[in-house]
Amino acid sequence: MYCYFRTNVTKTSGLGNYKRCLRLAENLHRKGHDCTIFTDNKLKKNLFNNKQIKHKQNYHKKNIKFSELKDAKNFLKNSDIPGFVFVDDTRIGIPWQKKIKNFHKKLIVITDVTKKNVADILINTKPDYLNPSIIEKEKIKNKEKKLLLGPRYAILEKKIKNKVKKNNIFKIVFYFGGSGDLTYASKIIKEFVFSKIFFKYKIFVIIGPNSKNYKSLIPLQKKIKSKLNLIYSPNNFSKLLKNFDLYIGSAGVSMFETSLYKIPSILFKTSFDQEVDISCLEKIGHYFLMEKNDLRRTKKICKIINIFFENKKRI
């Protein structure tokens, strides 16, 4: 079976959509299916480390104004054998989908937002779908679709089972996605490092391929090497995550991974698609959800980190 994925990575769209497609493609490839991922332009090599998954670019020029119909035409030209099409791209709507459905066998839409579509299969992993009434509403709106709703369908790396040896050092990780703005993370870290907090800790910052405003952390790292580690574009995010005691970052796809490893988290809604029902979020183990503007309150966040340490066994 031929499987085609349409997604993208930009300085604004982040990595989550692409990573979901890559994980799904790797799983389907292991089952013997031929998989190709389509993005607007050629990706940086450090984004994918599986040479068996083919990558194609839908355009040969950069900064082209996106048009669904033109994009669909280019996609069909490069996916000339009918197969299964997976779409994980918020720009793509019904005009694109209808063109693709006329030629390919099945259309599977992966999304985090409620948007009209003509998919055969709809995958939406938002915790909100742990609420039965919300699922019923979705069923009424999508009578002809197969629906895969809720966190149980989150597309994650296979869980690493080996136990991590714990020591007395409290490990804190900051991650705001593959293209997140690290301005406030930098300010929080500076405030925390020079505050009167005496427990043993180590801070890690994961810097994505398109992360913004992280350079102010480089001189700080040189000054306090024992306290701060910068990690650039790791290949296996899950392998890293299991080592930490506290996660601070955006309420994106990574919240499912921190839930998988039961890592206490302070989450911030940094984009429109991260709106989530807090009561549903609690059902997957996350109790601390804040607004983007709360990132400005660096002193309060430092106090909260201290409270997490003091109550780490309970949390």
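**Student:** How do you make sense of the sheet that holds strand E11 (residues 246-250) when you look at a structure like this?
**Tutor:** Strand order in the open sheet formed by 6 strands is E10-E9-E8-E11-E12-E13, and the pairing between neighbours is parallel. At either end of the open sheet lies a strand with only one pairing partner, and these are strand E10 (228-232) and strand E13 (289-291). On average, adjacent strands in this sheet sit at an angle of 20 degrees to one another, irrespective of strand direction. Sheet strands in contact with helix H5 (residues 183-193) are strand E8 (170-175), strand E9 (201-207) and E10, and its direction is about 165 degrees off that of E9.

**Student:** Sorry if this is basic, but what is going on with the sheet that holds strand E3 (residues 54-57) here?
**Tutor:** Neighbouring strands of a sheet are bound in pairs by backbone hydrogen bonds; such pairs are parallel or else antiparallel. Reading across from one edge, E3-E2-E1-E4-E5-E6-E7 is the order of the 7 strands in this open sheet, with parallel pairing throughout. Two strands lie at the open edges of the sheet, namely E3 and strand E7 (146-149), each paired on one side alone. Each neighbouring strand pair of the sheet contributes to a mean axis angle of 20 degrees, computed without reference to strand direction. Against the sheet, helix H1 (residues 16-30) makes contact with strand E1 (2-6), strand E2 (34-39), E3, strand E4 (84-87) and strand E5 (106-111), and its axis sits at roughly 165 degrees relative to E2, the strand it touches most.

**Student:** Would you mind showing me how to read the packing of helix H2 (residues 68-78) against helix H3 (residues 94-101) here?
**Tutor:** Two packed helices can be described by the angle between their axes and the distance between those axes. Where H2 meets H3, the closest approach of the two axes is 8 Å, and the angle between their N-to-C directions is 25 degrees. Of the possible angle classes, the one that applies to H2 and H3 is roughly parallel. Crossing angle aside, the handedness with which H2 passes H3 is right-handed. In contact with Glu68, Leu69, Asp71, Ala72, Phe75 and Leu76 of H2, H3 contributes Ile94, Pro95, Trp96, Lys99 and Ile100. Among the residues making up the contact of H2 with H3, the classes are represented as 8 nonpolar, no polar and 3 charged.

**Student:** How should the packing of aromatic side chains be read in this particular structure?
**Tutor:** Two aromatic rings, taken as a pair, are described by how far apart their centres are and by the angle between their planes. Under the counting rule described, the total for this entry stands at 16 aromatic pairs. With a centroid separation of 6.3 Å and an interplanar angle of 80 degrees, the aromatic rings of tyrosine 4 and phenylalanine 75 are classed as edge-to-face. Pair noted here: tyrosine 4 is in strand E1 and phenylalanine 75 is in helix H2, with a separation of 71 residues, a long-range link. An identical accessibility class is assigned to tyrosine 4 and phenylalanine 75; each is buried. Ring geometry for phenylalanine 170 against phenylalanine 309: centres 5.3 Å apart, planes inclined by 75 degrees, an arrangement best described as edge-to-face. Of the two residues, phenylalanine 170 is situated in strand E8 and phenylalanine 309 in helix H10 (residues 298-310); the sequence distance between them amounts to 139 residues. An identical accessibility class is assigned to phenylalanine 170 and phenylalanine 309; each is buried. In this structure an aromatic cluster arises from ring pairing among Tyr2, Tyr4, Phe38, Phe75 and Trp96. The positively charged end of arginine 91 is found above the aromatic ring belonging to phenylalanine 66, 4.1 Å away from the centroid. The side chain of lysine 227 reaches across the aromatic face of tyrosine 201, ending 4.2 Å from its centre.

Reading guide: rules and limits
- Along each chain, residue indices are assigned from 1 in the same order as the chain's sequence is written.
- Local features in this predicted model are restricted to residues whose pLDDT is 70 or higher, and side-chain atom pairs enter the listing and the counts only when it is 80 or higher, whereas totals over whole chains, interfaces and linings include all residues.
- Side-chain descriptors were evaluated using all non-hydrogen atoms of the structure, hydrogens and water having been removed beforehand.
- The pairing criterion for strands is at least two bridges between them, as found by DSSP.
- Going along the chain from the N terminus, every DSSP run of H or I of four or more residues is numbered as a helix, and every run of E of two or more is numbered as a strand.
- Axes, fitted as lines to C-alpha atoms, cover a helix only where it is in contact. Angles between the N-to-C directions of the axes lie from 0 to 180 degrees.
- When checking whether two residues touch, look at their non-hydrogen atoms; a contact exists if any pair is within 4.5 Å.
- Comment on the angle field: the value is read as roughly parallel under 35 degrees, roughly antiparallel over 145, roughly perpendicular from 65 to 115, and oblique elsewhere.
- Should the near helix be turned anticlockwise from the far one by less than a right angle, the crossing is left-handed, and should it be turned clockwise, the crossing is right-handed.
- Side-chain classes follow a simple rule in which Ala, Val, Leu, Ile, Met, Phe, Trp, Tyr, Cys and Pro form the nonpolar group, Asp, Glu, Lys and Arg form the charged group, and the remainder, Gly included, forms the polar group.
- Each aromatic pair joins two rings of Phe, Tyr and Trp (for Trp, the six-membered one) with centres within 6.5 Å, and gets the label stacked for planes under 30 degrees apart, edge-to-face for over 60, and tilted for any other angle.
- Here the term buried applies to any residue with accessible area under 20% of the maximum for its type, exposed to any over 50%, and partly exposed to those in between, with areas from a 1.4 Å probe on protein chains only.
- Only lysine NZ and arginine CZ atoms are considered, and such an atom sits over a ring when it is within 6 Å of the ring centre and within 35 degrees of the ring normal.

Keep in mind that these numbers describe shape and distance, not what the molecule does.
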